[in-house]
Amino acid sequence: MTTFGFTLHATDGAARSGAISTPRGQIRTPAFMPVGTAGTVKAMLPESVAATGADILLGNTYHLMLRPGAERVARLGGLHGFMHWDKPILTDSGGFQVMSLAGLRKMSEEGVRFKSHIDGSTHVLSPERSMEIQRLLGSDIVMCFDECPALPASEAEVARAMRLSMRWAERSKQAFGDRPGHALFGIMQGGVTRELREESARALTDIGFDGYALGGLAVGEGQEAMFGVLDYATGFLPEDRPRYLMGVGKPDDIVGAVARGVDMMDCVLPSRSGRTGQVFTRRGVVNIKNARHADDPRPLDEACQCPACRNYSRAYLHHVFRAQEIISSMLLTWHNLHYFQELMAEMRAAIAGGRFTDWQSGFHAARAEGDIEPL
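Residue indices begin from 1 for each chain and proceed along its sequence in written order. It should be noted that, the model being predicted, local features are given only for residues of pLDDT at least 70 and side-chain atom pairs only at 80 or more, the latter also being counted only at that level, while totals for whole chains, interfaces and linings use all residues. Hydrogens and waters are ignored; side-chain quantities use all the structure's heavy atoms.

1. As for the overall build of the chain
- Secondary structure assignment for the chain yields 15 helices and 16 strands.
- Taking 2.2 N^0.38 as the reference for a compact globule, 375 residues should give roughly 21 Å; the C-alpha atoms of the chain span a radius of gyration of 21 Å, in line with that estimate.
- Taking the principal axes of its C-alpha atoms as reference, the chain extends roughly 60 × 45 × 45 Å.
- The 375 residues of the chain split such that 56% are buried.
- Within the structure as shown, the chain displays about 15500 Å² of accessible surface, and the carbon and sulfur contribution to it stands at 49%.
- By the counting scheme adopted, Arg and Lys are positive, Glu and Asp are negative, and His together with the chain ends is not counted. A charged residue contributes its charge at one atom only: NZ of Lys, CZ of Arg, CG of Asp or CD of Glu. A distance of 5 Å separates the average location of the 40 positive side-chain charges in the chain from that of its 43 negative side-chain charges. Helix and strand definitions follow DSSP, with helices as H or I runs of at least four residues and strands as E runs of at least two, each counted in order from the N terminus. All radius of gyration figures rest on C-alpha atoms, and the globule criterion is 2.2 Å times the number of residues raised to 0.38. Relative accessibility under 20% of the residue-type maximum defines a buried residue, over 50% an exposed one, and the middle range a partly exposed one, all with a 1.4 Å probe and only protein chains included. What sets the accessible areas is the Shrake-Rupley method with a 1.4 Å probe; for residues, cover comes only from the shown protein chains.

Quick look at the structure:
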């Protein structure tokens, strides 16, 4: 059986390209993971998600434990079989969602007691329970349970949360046990404070994980502060393990993160934006609901090979969005996911070819041009 592994193929400055191997297939890095919160990427069939070029999906521990329940998913063959996705799945730990339930949770050293946002029932999530749920779901990459404080927060609060997360990381590793073919990632915390990030990275590498995530970013600190942290934080992590920036993001955030040594990212943005009529193209963001598209026979992006661009005009996409037809969410989500995967493929090729800096300049120049002129 293939075990979990990471191979670095090329570097260009801090940017890296490589591959993560798992028993369920290879993940080409840099990788963007579409988010399938409740066992589905909204408005997409699993085979459509695969057709965009995605090698891995993200599932959400918090949502799946509440509905339909991790034990039920396990009885029905695990998340892969349940949602008909045979490639790798990464599950988050549930920590971020629970922490955002400010008024519905009570935290202690042991874990978090919280009320379901669905029916008000009480649940407890601890490092041990998070590992158990993720084992029941059968995900290939499991995330440690951590506390993620929203920024801005005082340095004392960030330090307290980070040190609690490191103790929870130790417990997560113990509870994860020996699971050949499955990987456990530790999560670095520490806000925007260099010393706390370094302390967190040291604690995690002492415990030892299959990969390392950068948590507690893209939570309100702004792009400049996030890039400021990434400029040094990736360097605190082992070179021979994948580095995962959680919850990012916009195309220029992704490109900036890859330039700073990040290998994996996830975000709901491409699918959520598709449902609200926001479309990502190489020339920036297009708002399909705008009246300027109503008579436009041209595709969203003439260089794009997704079904929305190959087969439909801007006028049609504008019409079905305004008419609230379901096909609008399907086509715009497919296009956005295709765009994000194409972005990753271009970066992998640019890094491999030693021309990432030039590629990056071209990326920003095309976006600065803005959308094509209205007819």
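2. Quick word on the pattern of salt bridges
- Whenever a carboxyl oxygen of Asp or Glu lies within 4 Å of a side-chain nitrogen of Lys or Arg, that contact is scored as a salt bridge. Under the criterion given, the structure shown has 20 salt bridges.
- The closest approach of N and O atoms between arginine 24 and aspartate 140, which form a salt bridge, is 3.5 Å. Within this pair, whereas arginine 24 is found in the loop between strand 2 (15–22) and strand 3 (25–29), its partner aspartate 140 is found in the loop between helix 6 (127–137) and strand 10 (141–143), the two being separated by 116 residues in sequence.
- On the accessibility criterion, aspartate 140 (3% relative accessible area) is buried.
- Residue arginine 167 is joined to glutamate 109 by a salt bridge in which the shortest nitrogen-to-oxygen separation is 2.8 Å. Within this pair, whereas arginine 167 is found in helix 7 (residues 155–176), its partner glutamate 109 is found in the loop between strand 7 (105–107) and strand 8 (112–115), the two being separated by 58 residues in sequence.
- For glutamate 109, a relative accessible area of 40% puts it in the partly exposed group.
- Several salt bridges share partner residues, and in doing so they unite Arg282, Asp301, Glu342 and Glu346 into one network.

3. A few points about helix 8 (residues 194–207)
- Helix length check: helix 8 (14 residues) gives 20 Å between terminal C-alpha atoms against 20 Å at 1.5 Å per residue, within 8%.
- Taken as a whole, helix 8 has its buried residues at Leu196, Arg197, Ser200, Ala201, Leu204 and Ile207. When helix 8 is viewed along its axis, its buried side chains cluster within an angular range of 135° and face the same direction. Structural note: helix 8 exposes Glu195 and Asp206 on the side pointing more than 90 degrees away from its buried face.
- Should any heavy atoms of two residues lie within 4.5 Å, those residues are considered in contact. Packing partners of the buried residues in helix 8 comprise helix 7, strand 11 (183–188), strand 12 (211–214) and helix 9 (223–233). Working rule for helices: expected span equals 1.5 Å times residues minus one. By arc we mean the arc of the directions from the helix axis to the C-beta atoms, nothing more.

4. With respect to the packing of aromatic side chains
- Stacked, edge-to-face and tilted labels apply to pairs of Phe, Tyr and Trp rings (six-membered ring for Trp) whose centres lie within 6.5 Å, assigned for plane angles under 30 degrees, over 60, and everything in between, in that order. Using the criterion set out here, one finds 11 aromatic pairs in the structure.
- Judged by centre distance (5.9 Å) and plane angle (80°), the ring pair of tyrosine 339 and phenylalanine 340 falls under edge-to-face.
- Residue classification places phenylalanine 340 among the buried residues on the basis of a relative accessible area of 0%.
- Members of the aromatic cluster, each reached through a chain of ring pairs, are Phe32, Phe280, Tyr339 and Phe340.
- Above the plane of the ring of phenylalanine 227 lies arginine 260, whose end atom (NZ or CZ) is 4.0 Å from the centre. Whether a charge sits over a ring comes down to the Lys NZ or Arg CZ being within 6 Å of the ring centre and within 35 degrees of the ring normal.

5. A word on the sheet that holds strand 1 (residues 5–12)
- Across the sheet, three strands lie side by side as 1-2-3; this open sheet has antiparallel pairing. Of all strands in the sheet, those with a lone pairing partner are strand 1 and strand 3, marking the two edges. Geometrically, the sheet is characterised by an average inter-axis angle of 15° between neighbouring strands, direction not taken into account.
- DSSP-based pairing: two strands are paired if at least 2 bridges between them are found. Two elements, strand 2 and strand 3, share five bridges in a ladder whose sense is antiparallel. The partner of isoleucine 20 across the bridge, within strand 3, is isoleucine 27. Axis definition: a line fitted to C-alpha atoms, over the contacting stretch in the case of helices. Angles run 0 to 180 degrees between N-to-C directions.

6. So, the sheet that holds strand 4 (residues 31–34)
- With parallel pairing, eight strands are arranged side by side in an open sheet as 4-14-13-12-11-10-6-5. Of all strands in the sheet, those with a lone pairing partner are strand 4 and strand 5 (57–60), marking the two edges. Across the sheet, the mean angle from the axis of one strand to that of its neighbour is 25°, orientation sign disregarded.
- Sheet topology places strand 4 next to strand 14 (residues 264–267); four bridges connect them, and they run parallel. Residue pairing in the sheet places alanine 31 in a bridge with methionine 264 of strand 14.
- Of the strands in this sheet, strand 6 (89–92), strand 10 and strand 11 are in contact with helix 6, which crosses strand 10 at around 160°.

7. As for the side chain of aspartate 253
- Position of aspartate 253 relative to the elements: it lies in helix 10 (residues 251–259).
- The side chain of aspartate 253 sits in the buried core without any salt bridge; lysine 250 is the nearest counter-charge, 5.3 Å away.
- Within the structure, aspartate 253 has its side chain in polar contact with the side chain of glutamine 223 (distance 2.7 Å). For the purposes of these results, a polar contact is taken to be a pair of N or O atoms within 3.5 Å, where, inside protein, one atom must be able to donate a hydrogen and its partner to accept one; residues adjacent in sequence count only when each atom of the pair is a side-chain atom.

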